[in-house]
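These are the residues of each chain, in order.
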Amino acid sequence: MRKIGVMTSGGDCPGLNAALRAIVRRAKKDHGLSVIGFMRAWEGLLEGDFFEMEFRHVSGILPLGGTILHTTRKNLLEKPGTMERVLARLDEIGLDGLIIIGGDGTLHWAWQLHKRWPKVVVIPKTIDNDVWGTRYSIGFDTAVSVAVEALDRLHTTAESHDRVFVVDVMGRATGWIAIHAGIAGGADVIVIPEHPLRESEVLQIVDERRARGKSFSIIIVAEGVHYVAMKEKESASKYLAGLIESELGISARTVKLDYVLRGGTPTSYDRLLATRMGYTAVDFLVAGKFGVMTSLRGTQIASVPIQRVVGRINRVDEALWAMARTFFG
């Protein structure tokens, strides 16, 4: 093995640069490999926008959010004939392996590529933490930390103004950010796609708090929650805030924490997780262990076949949900 490639695909998140730094240092310093960085994932590969990554390119990037390779959500491989172009480019460049850093959508296309060109390893990243097969993905811990800080700040305003804040966080299919941040940030109600509380339950909790002299409440809602009575394009957070005002007569405001959760400096945990996964991904390629994703299993970085991951979702477990309910109200 002489030359490997790396790309970051899908949405950005904190920790991507830490993974790139680990890949370059492990590959070049310990294995004597060349590392090709592709700008904007598949776009860079097809358009010739790539470069050989040196130590200077990854110097000082450990604490930086985003990705120095930039990224895109465009699924170019969906277009007829694109896969053939990708395969031709990979052979033309002479890669001996490719590390793809991405989430659920990226995993699907990585699997399609692996079936035609086996030398692929994936590193999971997503603040939603919905990639199956790994306990945590890169970016999740930072997103939770940002959400918790927001909840801490909202508490003082909510209490001062006798107000309910309904906080909207990312999580299209799962409620990992909502439940972790809700527990750590002392939210009074947590609403997630896996367990969407009935409207009546939410209203009851808020009303019971008021009866106990608690004139404010903090509710955290994952964006993927849906209620039948919601208007078209209305978020669950806005819907619930409206119900609280109309049914209980309590002032309610929504706070949307969307892209702010994906940006900024990664936590120490995300830096370490990304570093370990980047380091191990290189070793998988060198060992000829293709078609796998790096996975956090317990305290170790292991591998899981991409084929087992594709089409599955890492959902909030029942034990965590049961514990969270103890702290409602």
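Along every chain, residues carry numbers that run from 1 in the direction the sequence is written. Reporting of local features is limited, given that this is a predicted model, to residues whose pLDDT is at least 70; pairs of side-chain atoms are given and counted only at 80 or more, and all residues count toward the totals for whole chains, interfaces and linings. Here the side-chain values reflect all heavy atoms present in the structure, with hydrogen atoms and water set aside.

Caption draft 1: Local environment of the sheet that holds strand 4 (residues 97-102). Here 7 strands make up an open sheet; going across it, the order is 3-2-1-4-5-10-11 and the pairing mixed. The open sheet has two edge strands, strand 3 (50-52) and strand 11 (300-305), and neither has a second partner. This sheet shows a mean twist of 25° between the axes of neighbouring strands, independent of strand direction. The rule for pairing is simple: two strands pair if DSSP sees at least two bridges between them. A helix here means a DSSP run of H or I that spans at least four residues, while a strand means a run of E at least two residues long, and both kinds are numbered starting from the N terminus. The axes used here are C-alpha line fits, helices contributing only the stretch in contact, and every angle between their N-to-C directions lies in the interval 0 to 180 degrees.

Caption draft 2: Structural context of the packing of helix 6 (residues 140-160) against helix 7 (residues 176-184). Axis separation between helix 6 and helix 7 bottoms out at 9 Å; the angle between their running directions is 45°. The angle between helix 6 and helix 7 places the two elements in the oblique class. The element helix 6 and its partner helix 7 pack so that their crossing is right-handed. Contacts between helix 6 and helix 7 involve Phe-140, Ala-143, Val-144, Ala-147, Val-148 and Leu-151 from the first element and Trp-176, Ile-177, His-180, Ala-181, Gly-182 and Ala-184 from the second. Any angle between 65 and 115 degrees counts as roughly perpendicular, while under 35 counts as roughly parallel, over 145 as roughly antiparallel, and the rest as oblique. A clockwise turn of the near helix away from the far one marks a right-handed crossing, whereas an anticlockwise turn of less than a right angle marks a left-handed crossing. Contacts were defined at the residue level, with two residues in contact if any of their heavy atoms lie within 4.5 Å.

Caption draft 3: Examining the nonpolar core more closely. Membership of the largest hydrophobic core comes to 89 residues, with the highest contact counts inside it found for Ile-99, Val-191, Ile-219 and Ile-244. The element best represented in this core is helix 6, accounting for 9 residues. Leave out the neighbours within four places in its chain, and Ile-219 touches Val-164, Phe-165, Val-166, Val-167, Val-189, Val-191, Val-202, Val-206 and Ile-244. To define a nonpolar core, start from buried Ala, Val, Leu, Ile, Met, Phe, Trp, Tyr and Cys residues and group those joined through side-chain atoms within 4.5 Å. When a residue's accessible area, from a 1.4 Å probe over protein chains only, is under 20% of the maximum for its type it is buried; when over 50% it is exposed; and in between it is partly exposed. Met-7, Leu-90, Trp-111 and Ile-306 belong to the second-largest nonpolar core, a separate cluster that totals 30 residues.

Caption draft 4: View of helix 9 (residues 236-248). Taking 1.5 Å of rise per residue, 13 residues should cover 18 Å, and helix 9 covers 17 Å from first to last C-alpha, within 8% of that figure. Here helix 9 has its buried residues at Ala-236, Ser-237, Tyr-239, Leu-240, Ala-241, Leu-243, Ile-244 and Leu-248. Contacts from the buried residues of helix 9 go to strand 6 (164-169), strand 7 (189-191), helix 8 (199-211), strand 8 (217-222) and strand 9 (252-257). Positive backbone phi, approximately 70°, marks Gly-249, located one or two places after helix 9. Each helix should span, by expectation, one fewer than its residue count multiplied by 1.5 Å.

Caption draft 5: Structural view of the packing of helix 7 against helix 12 (residues 318-326). Relative to each other, helix 7 and helix 12 sit at 40°, their axes nearing to 10 Å. Between helix 7 and helix 12, the angle is such that the two are oblique. When the axes of helix 7 and helix 12 are compared, the crossing they make is left-handed. Contact with helix 7, carried on its side by Trp-176, Ile-179, His-180 and Ile-183, involves Leu-320, Trp-321, Met-323 and Ala-324 of helix 12 and no other residues of that element. Each residue is assigned to one of three groups, with Ala, Val, Leu, Ile, Met, Phe, Trp, Tyr, Cys and Pro labelled nonpolar, Asp, Glu, Lys and Arg labelled charged, and all others, Gly among them, labelled polar. Here the contact of helix 7 with helix 12 is built from residues that sort into 7 nonpolar, 1 polar and no charged.

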